[in-house]
Amino acid sequence: MTAKIPVPYLIRRVDDGRQIEIQWDEHGHAALFSGRALRLACQCAGCVEEMTRRPMLDPASVPSDVRALTVKLVGAYAVHFEWSDGHGTGIYPWERLYADCPCPECTTARSTT
């Protein structure tokens, strides 16, 4: 049986959208994602070749100060961001964000498996 991926309790822009905070539950499991790291991790068809999964996004084309202008839920499974560099076609599923959670607890758990 696989662990259930939580629907975030709270998502908010921090530092004018340069960071995204995701609180996974009301008990304090929270992560602070870099906006630029999320932008570079976009898996949309414009950023990743659909058949080969080869990255097509040149990291040098993404400004170091890119920020999320908007945060919108996509059903009960993902979040969508409009980025200050004009990009806005990607979605970020909870499962992927949770798997990449940068909080100390999750980072430690991943390094021991």
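Our subject in this report is the structure included herewith.

Analysis parameters
Residues numbered from 1 in each chain as written. Predicted model: local features only at pLDDT ≥ 70, side-chain atom pairs only at ≥ 80, totals over all residues. Heavy atoms only, no water. Helix = DSSP H or I, 4+ residues; strand = E, 2+ residues; numbered from the N terminus. Buried < 20%, exposed > 50% of the residue type's maximum accessible area, 1.4 Å probe, protein only. Contact = heavy atoms within 4.5 Å. Core = buried A, V, L, I, M, F, W, Y, C linked by side-chain atoms within 4.5 Å. Disulfide = S-S within 2.5 Å. Pairing = 2+ DSSP bridges. Axes fitted to C-alpha atoms, helices over the stretch in contact; angles between N-to-C directions.

### Remarks on the side chain of His-87
Within the fold, His-87 resides in the loop between β5 (78-83) and β6 (91-93). On the basis of relative accessible area, His-87 is assigned to the buried category, the value being 14%. Among residues more than four places away in sequence, those in contact with His-87 are Arg-39, Cys-42, Cys-44, Cys-47, Phe-81 and Glu-82.

### A short note on the nonpolar core
Ile-20, Leu-38, Phe-81, Tyr-92 and Leu-97 are the most contacted members of the largest nonpolar core, which totals 24 residues. Only β2 (19-23), β3 (30-34), β5 and α2 (94-99) provide two or more residues apiece to this core. Discounting residues that sit within four places of it in the chain, Tyr-92 has contacts with Leu-38, Arg-39, Ala-41, Cys-42, Tyr-77, Ala-78, Val-79, Phe-81, Trp-83 and Leu-97.

### Some details on the state of the cysteines
In a disulfide, the sulfur atoms of two cysteines are covalently bonded to one another. Considering all chains together, one arrives at 0 disulfides under this definition. For Cys-42, which is in no disulfide, the shortest distance to another cysteine sulfur is to Cys-44 and amounts to 3.7 Å. Cys-42 sits in the buried class, given a relative accessible area of 1%. The thiol sulfur of Cys-47 is not disulfide-bonded, and the nearest other cysteine sulfur, from Cys-44, lies at 3.7 Å. Note on Cys-47: relative accessible area 4%, which makes it buried.

### Comments concerning the sheet that holds β6
As summarised here, the arrangement of the 3 strands in space is β4-β5-β6, forming an open sheet in which the pairing is antiparallel. Of all the strands in the sheet, just β4 (68-74) and β6 have a single pairing partner and so form its edges. Across this sheet, the average inter-strand angle for adjacent strands is 25°, counted without regard to direction. With 6 bridges connecting them, β4 and β5 associate as antiparallel partners. Note on β5: the bridge partner recorded for Ala-68 is Trp-83.

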